[in-house]
Amino acid sequence: EAIFSRCLSLSPAVELWKFYLDYIRRVNPVDPSLGDRAKEARGTIAKSFEYALQHVGQDRRAGDMWLEYIAFLKEGQVRMALPSGCTRQLLTRAA
């Protein structure tokens, strides 16, 4: 994680940011049976997506990241029973 924090903010490389997101999802599994830990993991992953997408912006190579983020938000609405207004607001920001 220290390597990510040192290198990522200076890099516009989309592939590096994808690797970072894969790492974050591996160390923060979203397993509904974990209860509050699953909610915490979803929050960590969401913040990581937002951080990464701020840095890669509208780079055409980041299209997959945007699509993954939107799918992640939609999945959260179903799994965690988020209010539709909350998800709609996040999806609007992502689009």
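Conventions used here
Residues numbered from 1 in each chain as written. Predicted model: local features only at pLDDT ≥ 70, side-chain atom pairs only at ≥ 80, totals over all residues. Heavy atoms only, no water. Phe/Tyr/Trp six-rings, centres within 6.5 Å; stacked < 30°, edge-to-face > 60°. Helix = DSSP H or I, 4+ residues; strand = E, 2+ residues; numbered from the N terminus. Buried < 20%, exposed > 50% of the residue type's maximum accessible area, 1.4 Å probe, protein only. Lys NZ or Arg CZ within 6 Å of the ring centre and 35° of its normal.

1. Structural notes on the packing of aromatic side chains
As enumerated under the stated definition, the model contains eight aromatic pairs in all. An angle of 45° between the planes, with centres 5.3 Å apart, marks the rings of Phe4 and Tyr23 as tilted. With Phe4 in helix H1 (residues 2-7) and Tyr23 in helix H2 (residues 14-27), the pair connects residues that are 19 residues apart, well separated along the chain. No difference in accessibility class separates Phe4 from Tyr23, as the two residues are buried. Ring geometry for Trp17 against Tyr51: centres 5.3 Å apart, planes inclined by 70°, an arrangement best described as edge-to-face. Of this pair, Trp17 sits in helix H2 while Tyr51 sits in helix H3 (residues 36-56), placing them 34 residues apart in sequence. Of the aromatic side chains, those joined through ring pairs into one cluster are Phe4, Trp17, Phe19, Tyr20, Tyr23 and Tyr51. A cation over a ring is seen here: Arg42 above Phe72, with NZ or CZ 3.9 Å from the ring centre.

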